[in-house]
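Chain residues, written in single-letter form:
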Amino acid sequence: MQNLISPAQVASMAFAPLDRVTPEDVNQLTISVAQQRFVSPVLGDAMVEAMIGGSYSELVEELIAPALALYTRVLMMPSLALRTGAAGVVKGSSDYLDAATENDLRSLRRTTLAQATTLLRKAVSQIESSPELYPEYDPRQNIWRRCRIDGGVVA
């Protein structure tokens, strides 16, 4: 499966310039995993394939791409904090910066997930309000119709 967005889009949409994350820092595989884990179970494979094929470009540009970029950022967070190399797994250090605590990382992850999910929910709402415009979307495939997690509570 192809990705809905590119590494350059992830770098520009999900990270601030001061984060210094470049497209080279974003792995295509991480985007694919985010797409399969967060977007496809909600929209369905047929809808995602239609979007990859160029359909619904405005919806993708305004809501789906930013949501997927944020989901990708969430998956990248641990690898941004830690590096793996010949010396093993190491944590960056600086005289001017302190590494984030586990609580800091958890809070940032929760906030970023909430932002991404809000965008994806808005997209689903738009799709479901005009189903005739989105024939590839099957609401029965939307995992949010079977399982919902709000504020850490499974409903």
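Above: the structure in question.
Let me sum up the structure you'll find in this document. Model, not experiment: these values are computed from the prediction.

Procedures and definitions
- Residues numbered from 1 in each chain as written.
- Predicted model: local features only at pLDDT ≥ 70, side-chain atom pairs only at ≥ 80, totals over all residues.
- Heavy atoms only, no water.
- Helix = DSSP H or I, 4+ residues; strand = E, 2+ residues; numbered from the N terminus.
- Contact = heavy atoms within 4.5 Å.
- Buried < 20%, exposed > 50% of the residue type's maximum accessible area, 1.4 Å probe, protein only.
- Phe/Tyr/Trp six-rings, centres within 6.5 Å; stacked < 30°, edge-to-face > 60°.
- Axes fitted to C-alpha atoms, helices over the stretch in contact; angles between N-to-C directions.
- Parallel < 35°, antiparallel > 145°, perpendicular 65-115°, else oblique.
- Left-handed = near helix turned anticlockwise from the far one by under 90°.

A word on the environment of threonine 112
Here threonine 112 is to be found in helix H5 (residues 102-129). Considered as a pair, threonine 112 and threonine 72 are 40 residues apart in the sequence and their alpha carbons are 9.9 Å apart. Those residues in contact with threonine 112 that sit more than four places away from it in its chain are Leu70, Arg73, Val74 and Met77.

Some remarks on unusual backbone geometry
One non-glycine residue, arginine 20, lies in positive phi territory at about 55°. Within the element layout of this structure, arginine 20 appears in the loop between helix H1 (7-14) and helix H2 (28-43). Its relative accessible area of 63% is what places arginine 20 among the exposed residues. The backbone phi angle of tyrosine 56 is positive, close to 60°, even though this residue is not glycine. Within the secondary structure layout, tyrosine 56 lies in the loop between helix H3 (45-52) and helix H4 (57-81).

Structural notes on the packing of aromatic side chains
In the structure shown here, the tally under the stated rule is 2 aromatic pairs. Ring geometry for phenylalanine 38 versus tyrosine 71: centroids 4.2 Å apart, planes at 0°, classification stacked. Remark: tyrosine 71 occurs in helix H4 and phenylalanine 38 occurs in helix H2; sequence separation between them is 33 residues. Residue classification places phenylalanine 38 among the buried positions, given a relative accessible area of 15%. Judged by its relative accessible area of 2%, tyrosine 71 falls in the buried class.

Notes on the packing of H2 against H4
Axis separation between H2 and H4 bottoms out at 8 Å; the angle between their running directions is 125°. Of the possible angle classes, the one that applies to H2 and H4 is oblique. Note on packing geometry: the crossing formed by H2 with H4 is right-handed. In contact with Thr30, Ile31, Val33, Ala34, Gln35, Arg37, Phe38, Val39 and Leu43 of H2, H4 contributes Ile64, Leu68, Tyr71, Thr72, Leu75 and Met76.

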